[in-house]
Each structure stands twice: as C-alpha cells, then as structure tokens.
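Below, each chain spelled out in residue letters.
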Amino acid sequence: MPIRRAFPNAVAAVLLLSFAAPAAAQPHGPIPVVATFSILGDMVKRIGGEHVAVTTLVGPDGDTHVYQPTPADARSVREARILVVNGLQFEGWLDRLIDASDFRGVRVAATDGIEPIAFDDGHGSDPHARDGEAGHDKHAGDDDREGHDHGALDPHAWQSLRNAVVYVDNIAAALAEADPGNAGAYHRNREAYVDRLEALDAKIRELVARLPAAARTVVTSHDAFQYFGRDYGLTFIAPQGLSTESEASAKDVARLIRQIRERGIRAVFIENVADPRLLKRIADETGAAIGGTLYPGALSGPDGRAPTYLDMMRHNATTLAQALTS
C-alpha cells in the first residue's frame, strides 16, 4: 500500500489563500524555526529550504531523552516564529524551556494526526502474536519506568516512513501559514520529499521481505523501534524501556539473555545514543554478534552514516538486513 496521501484540505486552503496575500504581509528574510532534535531539524530544512533558518536544540548523536536545555536554547526559542516538536511527551524538558523562554510563536507537534502505538501494546517478544503480526508482548524491562515518563504512548513515531508523511504535512502547513508568500515552494518541496519517502518505503519492504521468519527478532538497547517493527513485520526487544534514562534490572537482563539463547538470535544492535556496554556484555554472554549501530532518535554528523532522516532509515534497514542474514 503506498504511503502517499493527498495534501490535507486545511493545508490546501492555506496555500490557496497565500497566493492572494499582499506582499507587505510577508516576512523579511528566512523564518526563524527551532526544531527540538536533529530528525525534525532535517525535515524542516527539506521542506523550508532557503526560506527558513533552522536551529536544532539536540544535535547529531544527541540523546533527547536526557537533554538539558541551556540559556542559549531559551534565547533561540524566544526568537523563533515556529517551534517544531515531536509531541507524545518525547521532550520531557520542553514545557520548562518554553516557560523560561517566554516563547510567543507557533508550536507545531509533528505527530498530530498519527495513530500512536500504546506503550503496553508495542513491546514485542512473540513474533506470532496478533494473528501473525509483529510481536506485542511486553519487552524485557516493561515494569521499569524510572527516569523520564513518556506516558502511555510510544513517542518514536518517526521510525515509520508512513508517519513521516504526517510529520512533513504538519511542518509544511505551519510554514505555509506563517509565510504564505512562499507556500508554493513549501508545497513543491513537500511533494518531492514524499516521493522519496515512498520510494524508500518500497525498498525497505523488499529488503525485509527476504528475511526468513526465524531471523525477524531484533535486540536493541532501548525500545525505540516498535513503529519500524509494526510496518515491516519485525519484532524488537530491548533491556531498556522507551527512554534511555530507564535502567534494566538484573532480572530484565537475565530474561533477555534467555530469550536470545532460546530463539537462537545471532546479532544484537547498539545505538548511537545509548551506552553500548550492556549490549556488548549481553553479546559476550550469549555468543551473539554485534550486528552494527542503529540510529533510533538522532542523526549522525555530516560525515557519518545517517546525516539525514532518509539516510538514517536506509542505514537502519540495510544494517538489520545484512546482520540478520549473515
């Protein structure tokens, strides 16, 4: 099923009205936009192009779960016309930052309109659960909710390329409303970007389809890939919960080691935002290989393997496929 959907009616209305807007109503220079973390910052740049000046609070390889805003961040937020956030309680520090900055602009939740995965429904161990869908039993540490509380919903919705279309729609709508004189450019950029999202989704589906059923369980550091698993028929299990702040207990780790041995899982995957020591210890005790580094919620630097959102999704998929078939 293609992931493209029509540009939302509300956005289309903004675009139509924008072409009749007087020139005097347009802002001078690029719109100052703040994005909370690198994935959102990249999306804003792809849609806004030269018409936006983007400041990203949590940069490449940064962990948004544990981020501590700075006075410079408060100044950036105060000066922004648009603040793009993930929502779903992902940025636990956000409300405090907004209060401290006296932000007067428009706050855009990129996840508005998606269907989020419920926390208790998205932490799979059983690949045969729910009539053949990817597993939905609780993960190894589902009783450990210490640290940042994400609430009842999984916030890592960008791990679905289908959801990324919703993210892009929300960003494009906000930019078009704030800058109607350039709404046509935002619409064209959005169309071109959705084409690329569609093409990558098709490639990943082909890649994952080649994996045998016995090789479709993936061990990662923390529980950030449930949307990816839902879309492509993989089961992800992790010693940590939805946040990297949570800590796996000895019981959680022992249970995960037992699962790896019983299922014959051959590879575990570290993450660019998580301490790799626990996964390396689990690999040593089970004989599983380190399958590579995945990018759950932060891009790499410009010279890394995941400098853009599309690069990140492509890298994660190819890394998984290569390790699980070797």
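Cut-offs used in this document
Within each chain, residues carry numbers counting from 1 in the order of the written sequence. The model is predicted, so local features are restricted to residues of pLDDT at least 70 and side-chain atom pairs to those at 80 or more, both for listing and for counting; the totals for chains, interfaces and linings are taken over all residues. For side-chain calculations, the full set of non-hydrogen atoms in the structure is used, while hydrogens and water are omitted. At least two bridges found by DSSP between two strands is the condition for calling them paired. Secondary structure follows DSSP: runs of H or I at least 4 residues long count as helices, runs of E at least 2 residues long count as strands, and numbering of each begins at the N terminus. Axis lines are fitted through C-alpha atoms, for helices just across the contact stretch, and the angle between N-to-C directions can take any value from 0 to 180 degrees. Whether two residues are in contact is decided by their heavy atoms: any pair within 4.5 Å suffices. Assignment of crossover handedness uses the view with strands pointing away from the viewer, where a clockwise path from the first strand over the helix to the second indicates a right-handed crossover. By this rule, a helix spans an expected 1.5 Å times one less than how many residues it contains. Note on classification: 1.4 Å probe, protein chains only; a residue is buried when its accessible area is under 20% of the maximum for its type, exposed when over 50%, partly exposed between these limits. Two aromatic rings from Phe, Tyr or Trp, using only the six-membered ring of Trp, form a pair when their centres are within 6.5 Å; if the ring planes differ by under 30 degrees the pair is stacked, by over 60 it is edge-to-face, and anything between is tilted. One number per residue, pLDDT, summarises how confident the predictor is, and it ranges from 0 to 100. Polar contact is the term for a pair of N or O atoms within 3.5 Å; when the atoms are in protein, one must be able to donate a hydrogen and the other to accept it, and sequence-neighboring residues count only if both atoms are side-chain atoms. Relevant arc is that of directions from the helix axis to the C-beta atoms, nothing else. Angular relationships are summarised with four words: roughly parallel below 35 degrees, roughly antiparallel beyond 145, roughly perpendicular across 65 to 115, and oblique for the angles in between.

Q: Outline the sheet that holds strand β5 (residues 217–220), listing residues and values.
A: Taken together, the four strands give an open sheet; going across it, the order is β6-β5-β7-β8, and neighbouring strands pair in parallel fashion. Whereas interior strands pair on both sides, the edge strands pair on one side only; in this sheet they are β6 (235–237) and β8 (289–294). Geometrically, the sheet is characterised by an average inter-axis angle of 35° between neighbouring strands, direction not taken into account. One ladder, built from five bridges, connects strand β7 (residues 267–271) with β8; its direction is parallel. Directly across from I270, in β8, lies its bridge partner T293. On top of the sheet, helix α11 (residues 309–325) reaches β5, β6, β7 and β8; it is set at about 170° to β8, its chief contact.

Q: Can you break down the pairing of strand β2 (residues 52–58) residue by residue, with the values?
A: Taken together, the six bridges between strand β1 (residues 31–37) and β2 define a ladder with parallel strand orientation. Directly across from V34, in β2, lies its bridge partner T55. Once you follow β1 into helix α2 (residues 38–48) and on to β2, the crossover reads as right-handed.

Q: Tell me what's going on with α11, and back it up with residues and numbers.
A: With 17 residues, α11 ought to run about 24 Å at 1.5 Å a step, and its terminal C-alpha atoms sit 25 Å apart, in line with that. Most of α11 is tucked away: twelve of the 17 residues are buried.

Q: Outline the sheet that holds strand β3 (residues 82–85), supporting the account with residue identities and numerical values.
A: Read across the open sheet, the four strands follow the order β2-β1-β3-β4; overall the sheet is parallel. Edge positions in the sheet fall to β2 and β4 (106–109), since each has one partner strand and no second. Mean inter-strand twist for the sheet, computed between neighbouring axes without regard to direction, equals 20°. In the sheet, β1 pairs with β3 via three bridges, with the strands oriented parallel. Bridged to V33 within β3 is I82.

Q: Any chance you could break down the packing of aromatic side chains for me, citing the residues and the numbers?
A: Per the stated rule, a full pass over the model turns up seven aromatic pairs. Look at F90 and W158: their rings are 5.0 Å apart centre to centre, the planes differ by 65°, and that puts the pair in the edge-to-face class. Linking F90 in the loop between β3 and α4 (94–101) with W158 in the loop between α5 (129–132) and α6 (161–178), this pair joins segments that are 68 residues apart in sequence. No difference in accessibility class separates F90 from W158, as the two residues are buried. Grouping aromatic residues by their ring pairs yields a cluster made of F225, F228, Y232 and F236.

Q: Any details on the confidence of the model for the chain? Residues and values, ideally.
A: The pLDDT averaged across the chain works out to 85; a share of 80% of its residues lies at or above 70. Of the regions scoring below 50 in pLDDT, residues 13–25 engages in twelve contacts with residues more than four places distant in sequence or in other chains. Here residues 121–150 is a poorly scored stretch, pLDDT under 50, and it has 85 contacts once near neighbours within four places are set aside; other chains count.

Q: Mind laying out the side chain of D223, listing which residues take part and the relevant values?
A: Examined against the element boundaries, D223 turns out to sit in the loop between β5 and α8 (226–232). Accessibility expressed as a relative area gives 1% for D223, which makes it buried. A polar contact of 2.5 Å, which involves the side chain of D223, links it to the side chain of Q226.

Q: I'd love a proper account of unusual backbone geometry, names of residues and values included.
A: In this structure, L88 is a non-glycine residue whose phi angle is positive, near 55°. Locating L88 in the fold gives a position in the loop between β3 and α4. The backbone of D102 sits at a positive phi, close to 60°, despite the residue not being glycine. With respect to the helices and strands, the residue D102 is situated in the loop between α4 and β4. Residue D102 is classed as partly exposed on the basis of its relative accessible area, which comes to 42%.

Q: Summarise helix α10 (residues 277–286); cite the residues concerned and give the values.
A: For α10, the complete set of buried residues consists of L279, I282, A283 and T286. The arc that holds the buried residues of α10, viewed along the axis, is 100°, so those residues lie on one side. The exposed residues of α10 that point more than 90 degrees off its buried face are R277 and D284. Next to the buried residues of α10 lie β5, α9 (250–263), β7 and β8. Looking one or two residues past α10, G287 carries a phi angle of roughly 85°, positive in sign.

Q: Can you tell me about the packing of α2 against helix α7 (residues 183–209), naming the residues and giving the values?
A: Their axes nearest at 7 Å, the elements α2 and α7 cross at an angle of 120°. When the interaxial angle is binned, α2 and α7 end up oblique. Between α2 and α7, the contacting residues are D42, M43, R46, I47 and G48 on the first element and Y186, N189, R190 and Y193 on the second.

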